[in-house]
Amino acid sequence: PSWFADPPGADLHLTTSAIDAIDAVPTSTWVSDDFDGHFRPVGDGADVGADEFASSGSLPPSGFRDVPPGHLFEGDITWLAAAGITKGCNPPGNDLYCPDSAVTREQMATFLVRALDLAPANETTFIDIAGSVHRSDIEALAAAGVTRGCNPPANDRYCPAAPVTRGTMAAFLSRALDLPEGPTDVFVDDDGSIFENDIARLAAAQITRGCNPPINDRFCPDQVVTRGQMAAFLRRAAG
C-alpha cells in the first residue's frame, strides 16, 4: 500500500518511495499507456500497477512521450508540432503522437489543411463524414480540389476512417502542392498503378526516396502510411 498515493481513495499513482515497483514487470505490447493515457513503458520495463511513474514527468524535446530523443522521426514530428500541424493523438492530454499508428484519410485532411492554411468550407460534398470531427477540413480539402472522394466515379464518399496508403498519399500531396510532372521510371513497383504519375511527381520533388533503403528502387504504393512517416513526408514537402 505504501507504493500508492491513496489506495482507499482509488488514487493509484506511484509514490517516490515505490522504488521496487519501477521497471519491475515485463513490457506488454498491448498496453501502450497507463491510466492517465501516458506512454509506457518508460525505462527497461513497465512499472507495477496502473501508473507509469516517470511518464508523468517532463516531456521530451519533441513534446510527446512516445517520441523520445533518438526516435527515427523525432526531428520531423518536432517540426510538425512546432508548425502547428499536429496537436497529438490523445486529446485533451495530447502528450502522445502515436508515430506507429496508421494515418486515416480524415487525419490526412487535417494535416494538409493546417499545413497549407486552406480556407474552411461548410459544403456538403460527401455523405459519410457527418460524424467526423475532421468534417470541415475534409470539405476544405475538397473545395481546394485536393480530394475527389474514394468511390469513383460517383465520388460521393470520402471514407474518413480508411487508412492512407503511400499511393493515396502521393495523390494528396501532388495535388495539394501542384507538383510538376516527373519521370515515371523511378520505381519498379508502381507500373500500372493509378497513382504512378503522382508518385513520379513526388520523387521528382524529392519528397520521397523510396521504401527499401538503401536501394530505394521501390515505392510500395499499397503500404499504409504511419503518422511518423507522414511527418517526414510533410516536412520534406514544406521544404
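Here the structure is shown first, and the text comes after it.
Residues numbered from 1 in each chain as written. Predicted model: local features only at pLDDT ≥ 70, side-chain atom pairs only at ≥ 80, totals over all residues. Heavy atoms only, no water.

Observations concerning helix 4 (residues 166-176)
- The buried fraction of helix 4 amounts to 10 of the 11 residues, a majority that puts the element mostly inside the structure.
- Burial in helix 4 covers these residues: Arg166, Gly167, Thr168, Met169, Ala170, Ala171, Phe172, Leu173, Ser174 and Ala176.
- Buried residues belonging to helix 4 abut helix 2 (105-116), helix 3 (135-143), helix 5 (196-204) and helix 6 (227-238). (Buried < 20%, exposed > 50% of the residue type's maximum accessible area, 1.4 Å probe, protein only. Helix = DSSP H or I, 4+ residues; strand = E, 2+ residues; numbered from the N terminus. Contact = heavy atoms within 4.5 Å.)

Digging into the state of the cysteines
- Taken as a whole and assessed by the stated rule, the structure comprises 3 disulfides.
- The partner cysteine of Cys150 in its disulfide is Cys159, sulfur to sulfur 2.0 Å. Measuring the twist about the S-S bond at about 65°, one finds the Cys150-Cys159 disulfide to be right-handed.
- Of the residues examined, Cys150 reaches a relative accessible area of 26% and is grouped as partly exposed.
- When the cysteines of the protein that form disulfides are numbered from the N-terminus onward, they connect as 1-2, 3-4, 5-6. (Disulfide = S-S within 2.5 Å.)

So, the nonpolar core
- If you look at the biggest cluster of nonpolar residues, it comprises 43 residues, and the most contacted ones within it are Met108, Met169, Leu173 and Met230.
- Counting residues per element, the ones that place at least two in this core are helix 1 (74-82), helix 2, helix 3, helix 4, helix 5 and helix 6. (Core = buried A, V, L, I, M, F, W, Y, C linked by side-chain atoms within 4.5 Å.)

None of this, on its own, says anything about what the molecule does.
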